[in-house]
Amino acid sequence: MSYEELPNEFDIVLLGTGLVTTITAAAFSRIGLKVLHLDRNDFYGGPFANFNLEAIETWKKRNQVMYCCGDIIELLIKSDVARYCEFRTVSRVLTLLKDKLEPVPCSRADVFASKIVSLIEKRLMMKFLQFAADFENHPEEYEDHKNGTFKDFLKSKKLTPNLQHFVQHAIAMVDDSCSTEDGLTKTKKFLTSLGRYGNTAFLFPLYGSGELSQAFSRMSAVFGGVYCLMETATHILADNEANCCGIITSKGQKISCKYLIAESSYLPSNYVQRLSQGKISRAIFITDTSIEPSSDEDLTLLNFICKEDQSRPVTVLEIPSSACVCPRNLYVVYLTRKSDSDDPKEDLREVQDRLLASIDGASSDEESRPHILWSMYFTMEDWSEVSMTEEALGRVMVSSEGGDAGIDLDKCVPEAKQLFHSVCPDEEFLPTPPNPEDIIHVDDTESAVVSGAAGDFEQGNEDPEDSQQTGPDSSEVVNEESKCEEKDSEASNDKVEQ
Amino acid sequence: MTEVLFKVIIIGDPTVGKTSFVQKYVNDSFRGDYKMTIGVDFALKVIKWSEKCNIKLQLWDIAGQERFTSMTRVYYKDAHACLVMFDLTQKSTFQNSVKWKKDLDQKCTLMDGSPVPCLLLANKCDDIERREVTQDEIEDLCKEHDFLGWSETSVKDGLMIEESMGFLIEEMMAKHAELEGFSESFQTNTSSALKLGKDDGAKPSGSNCPC
């Protein structure tokens, strides 16, 4: 809270606290590199920030779920970052079938218990799911459709239209253009995830998925990472070989580093190239009841297929108050859709029309539908895939800010891993840390106070960096600054050669 | 023999003496070989409370995140008590202790919704010449912002460390007794949150066997 000069030397400087960037930061700290992590926002909310508004900011960033056997869950467990988080299971997956919301039968038990599939369908479904769970070992079953679409493949398997709908839209959750192999891979991922933490394939972090960034930040800090919010880099420093060798912070401090990893919005625009296309339409509602009320407080996932454009489904995630995202007895509903339009309200209208009560509450069949108590629409560009341009300095890397239209977060892990391994190819990525309970101090006689404390600690100085010189002498700074690349102002974008 | 686990967090501005306090407290009451190890979330100390009860005390230190304007909820989560520390020789750290307290109260409460018990520690009381905060000022702030109480400490001279912690532990034990009945009725009523761990029946990573 009070300003304190940062140390002047780090191995890695990271800008932005999105999930990929925080995972990467934790990985570097974990192996002992010196990490400085800055964020221009007061992401976790300052002491005077309104709590609800803070939460909205978090929602805006992401509202995705995780496959129980997906990369992110494996990483949370292996790195032990999971100890900072709590999760809720996505307790049901719904699908819209003939204008009615139906629970998707996904496990063996579900299939048998389901009232919406016939006996013959049950056998067909079981057989198909069994094959999909082990499809790589049965290439003969799908060889003919290897180059075709998953949709056509399902048809060829003689699945009824009902079952085709379930498998494609509710289990694999892929669009019509998806290839057979991708569809099978997605189906298998769903099936593998099922049963790990109960009868569900997905988990959702309590307080929302923004919590994961905080957990990885804590891991990084515990391993010596230095964190600073409301601070960013205004300049990137270059050495004679056009490699990045440091930054100047918004508070004017010069900091040297070996690598800079930054989210795209922190880098000069000519450094970054966006590979992912299009935009994402989003909406957040607070409602008074569930889209499909049940006796339990369900956490619901629905892959909503729109009538006008089937290739762009809407992911609907309905979170009950027990997941700590909203007050008691209310629900938060997130809508996400890949988009080309700048009008999210129009783009998501169909979901609202078919699942929720209209604002004026006119027709009677809408009586029982959820009423929207609060709503918010927005459009964001899909920056989930980015790369550096030729113009960028060496040793600067970009990390994606996340927020693609997909339902899960698994994409973040390989990206963070790649960033880490491009700097440290031979090091392990987030190995399991030692158990803190291994250091135990047993005090068996309550009154025993040992005199003669260790001299090491008598200084009361908790930060070894404090004792260092606060910086090189000023002439050197000026000299270095002349080599800077101005980042924010266009005017001085050229590097001044020495 | 019962065992009670308490998580105590320590917050406050940089360089007021938080880490030293933790080291001194854990160190003094055992051997002289304790070092705050990098990569460890908290220092653990087991205290024999009575013939029938051991207390496992987790002391969470703030690590490199103290430069955040506020802490993450991840750090505050499930805390039973809190120490807010400031430096008597730096007035700004005294003023900021209110912000730290508010940050905590905004992000974390006890199970029953009451605020986390908070003790205000005025460190570096040995340095009388550079002192910038009076006892009256501390007393007023303490009352106005609902601290449990306050104490001057000197981590350097080992003053009031055991006593402050002892006071806090008694408070936690009292609250613990009060909450015990509450927690039983509470836990049966809410859908349980899931903790992921290595031995939760999860398959080992890398295993691809379908369910």
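Computed from a prediction, not measured in an experiment: that's the story for all the values here. (Residues numbered from 1 in each chain as written. Chains lettered and ligands numbered in written order. Predicted model: local features only at pLDDT ≥ 70, side-chain atom pairs only at ≥ 80, totals over all residues. Heavy atoms only, no water.)

Student: Now, about the overall build of chain A: what can you tell me, with residues and values included?
Tutor: Counting its secondary structure elements, chain A contains 13 helices and 22 strands. Within chain A, buried positions represent 55% of all 498 residues. (Helix = DSSP H or I, 4+ residues; strand = E, 2+ residues; numbered from the N terminus. Buried < 20%, exposed > 50% of the residue type's maximum accessible area, 1.4 Å probe, protein only.)

Student: Before we move on, could you go through the pattern of salt bridges and cite the residues and values that matter?
Tutor: Residue and element names in this part refer to chain A. Considering all chains together, one arrives at 34 salt bridges over all chains under this definition. Salt-bridge contacts for lysine 151 lead to aspartate 176; the nearest nitrogen and oxygen are separated by 3.9 Å. Placement of lysine 151 in helix α6 (residues 150-156) and of aspartate 176 in the loop between α7 (161-172) and α8 (180-193) is noted, with a sequence separation of 25 residues between them. Here glutamate 350 makes a salt bridge to arginine 354, at a shortest N to O gap of 2.6 Å. One end of the pair is glutamate 350 and the other is arginine 354, both in helix α11 (residues 349-355) and four residues apart, which spans about a single turn. Take arginine 354: its relative accessible area is 21%, and that puts it in the partly exposed class. One salt-bridge network, in which partners are shared between bridges, spans Glu308, Asp309, Arg312, Arg337 and Asp347. (Salt bridge = Lys/Arg side-chain N within 4 Å of Asp/Glu carboxyl O.)

Student: Which residues make up the packing of aromatic side chains, and what values do they have?
Tutor: Both the distance between ring centres and the angle between the ring planes are used here to describe each pair of aromatic rings. Residues and elements named next belong to chain A. Counted by the stated rule, this structure contains 15 aromatic pairs over all chains. Aromatic pair phenylalanine 131 and phenylalanine 153: ring centres 6.3 Å apart, planes at 50°, arrangement tilted. One end of the pair, phenylalanine 131, is in helix α5 (residues 119-132); the other, phenylalanine 153, is in helix α6, and 22 residues separate them in sequence. Grouping aromatic residues by their ring pairs yields a cluster made of Phe128, Phe131, Phe135, Tyr142, Phe150 and Phe153. Above the ring of phenylalanine 10, the side-chain terminus of lysine 34 is found at 5.4 Å from the ring centroid. (Phe/Tyr/Trp six-rings, centres within 6.5 Å; stacked < 30°, edge-to-face > 60°. Lys NZ or Arg CZ within 6 Å of the ring centre and 35° of its normal.)

Student: Which residues make up the sheet that holds strand β14 (residues 279-287) of chain A, and what values go with them?
Tutor: Residue and element names in this part refer to chain A. Pairing is mixed across the open sheet formed by seven strands, whose spatial order is β6-β5-β15-β16-β17-β14-β18. The strands lining the two open edges of the sheet, one partner per strand, are β6 (100-103) and β18 (372-381). Within the sheet, the average angular offset between the axes of one strand and its neighbour, ignoring direction, is 20°. Inspection of the sheet shows strand β16 (residues 314-320) paired to strand β17 (residues 331-339) by seven bridges, in the antiparallel sense. Residue pairing for β17: valine 316 is matched across the bridge by leucine 335. Across the sheet, α7 touches β5 (92-97) and β15 (300-304), and the angle it forms with β5 is around 130°. (Pairing = 2+ DSSP bridges. Axes fitted to C-alpha atoms, helices over the stretch in contact; angles between N-to-C directions. Contact = heavy atoms within 4.5 Å.)

Student: Could you give me a rundown of the domain arrangement of chain A, with the residues and numbers involved?
Tutor: Residue and element names in this part refer to chain A. Along its sequence, chain A is carved into domain 1 (3-57 + 210-275 + 385-488), domain 2 (102-193) and domain 3 (279-381). Placing the centre of domain 2 and that of domain 3 at their C-alpha centroids yields a distance of 27 Å. Contact with domain 2, which involves four residues of that partner, is made by five residues of domain 3. Across the interface of domain 2 and domain 3, roughly 460 Å² is buried in total on both sides, 60% from carbon and sulfur atoms. (Domains from an automatic or database assignment. Buried area = accessible area lost by both parts, 1.4 Å probe.)

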